[in-house]
Each structure stands twice: as structure tokens, then as C-alpha cells.
Amino acid sequence: QVQLVETGGGLVQAGGALRLSCAASGRTFSNYAMGWFRQAPGKEREFVATINWTGGHTYYADSVKGRFTISRDNAKNTEYLQMNSLKPEDTAVYYCAADGVPYRVATIFSAYEYWGQGTQVTVSS
């Protein structure tokens, strides 16, 4: 059974930083893109960042570009999201995701087959 487990969420003041981790188990994702999405109250889930299977290519939503960094460690089957210069509008539940098709990169929600349970990030002003 495939599981993705996020950790690292919490409450932080504006301008602060958090690092999210997503540990995968049940299968190896070294040939699959992994990503992060978020969902704020009353809004649809939106793309945040994605990283290809080697870690050599990354893509970001315009709203987080220059502040967030996605990375992965295939030996640990884990991905990360370093979030700096956080803003109140970054407040959301953050979900990690893994693609179900190898050797492609996608920024759309429907492309990802596996999802974590989500971790809350709250940024106070």
C-alpha cells in the first residue's frame, strides 16, 4: 500500500520559514515526478511546485517563485519543500503528491495519482 506522509507544518509569523517533508512508502518513486499542492479555506487545490524524477528540473507557481524550493532525495524516497519569506496568503493545507506515470512532469492536479493527508501551514501577520 502506497503512503505519502507530510510533516513540518505549523504556525509561523510572516517573513518566517518552514520546511515540509514528504516520506513515501510502499513503492519507489525514483522514476516519477513529485509535487506539492495547497488548498486554502474556500478555495480550490492549487499547484505549488513540482520536481522531475532526477531532481534536475523544478517548476513553481508564480506566487511562490523565488521564495519556495522543492527538492528530493531518491535514496530516502522523500521530497521536501523549503518555504521562506512566508506570507499570510500562503496559509493553507499543503499536500504532497506523486505522479502515477513515469518520466513526465505535470502541474495539474489530475496528473497525480498518490496524495498525502495534508499538513496545515498557518502564517500570521
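Residues take numbers from 1 onward in each chain, read along the sequence in its written order. At least 70 in pLDDT is required for a residue's local features to be given in this predicted model, at least 80 for side-chain atom pairs to be given and counted, and no such filter applies to totals for whole chains, interfaces and linings, which use all residues. The basis for every side-chain value is the complete set of heavy atoms in the structure, and neither hydrogens nor water enter the calculation.

K.L.:
Would you mind going over the nonpolar core with me for this structure?
P.N.:
Looking at soluble globular proteins, one finds that nonpolar side chains tend to be buried together. We define a nonpolar core as any set of buried Ala, Val, Leu, Ile, Met, Phe, Trp, Tyr and Cys residues linked to one another through side-chain atoms lying within 4.5 Å. Exposure categories follow from relative accessible area, calculated using a 1.4 Å probe and restricted to protein chains: below 20% of the type maximum is buried, above 50% is exposed, and the middle band is partly exposed. The biggest cluster of nonpolar side chains holds 35 residues, and the ones touching the most others in it are L4, L81, M83 and Y94. We call two residues contacting when some pair of their heavy atoms lies within 4.5 Å. In this structure Y94 touches E6, L20, F37, R38, V48, F68, L81, M83, G118, T119 and V121, once residues within four positions along its chain are discounted.

K.L.:
What should I look at first to understand the sheet that holds strand β1 (residues 3-7) in this one?
P.N.:
Strands belonging to one sheet form pairs held by backbone hydrogen bonds; the direction of such a pair is parallel or antiparallel. With antiparallel pairing, the four strands of this open sheet are ordered in space as β1-β3-β8-β7. Two strands lie at the open edges of the sheet, namely β1 and β7 (68-73), each paired on one side alone. Each adjacent strand pair in this sheet contributes to an overall mean axis angle of 15°, direction not counted. Here β1 pairs with strand β3 (residues 18-25) via five bridges, running antiparallel. Within β3, the position partnered with T7 by the bridge is S21. Pairing between strands is defined by DSSP: at least two bridges between the two strands are required. Runs of E in the DSSP output that reach at least two residues are strands. Runs of H or I that reach at least four are helices, and both are numbered from the N terminus. Axis lines are fitted to C-alpha atoms, over the contacting stretch for helices. Their N-to-C directions set the angle, which ranges from 0 to 180 degrees.

K.L.:
What's the story with the environment of Y114 in this structure? I'm lost.
P.N.:
Looking at the element boundaries, Y114 is found in strand β10 (residues 112-115). Considered as a pair, Y114 and P102 are 12 residues apart in the sequence and their alpha carbons are 13 Å apart. When sequence neighbours within four positions are dropped, the list of residues in contact with Y114 reads V2, L4, R27, F29, C96, A97, A98, D99 and G100. At 2.7 Å, the side chain of Y114 and the side chain of R27 are in polar contact. For this analysis, a polar contact is any N or O atom pair within 3.5 Å, provided that within protein one partner can donate a hydrogen and the other can accept it, and provided that sequence-adjacent residues contribute only side-chain to side-chain pairs. A distance of 3.4 Å separates the side chain of Y114 from the side chain of E113, its partner in a polar contact.

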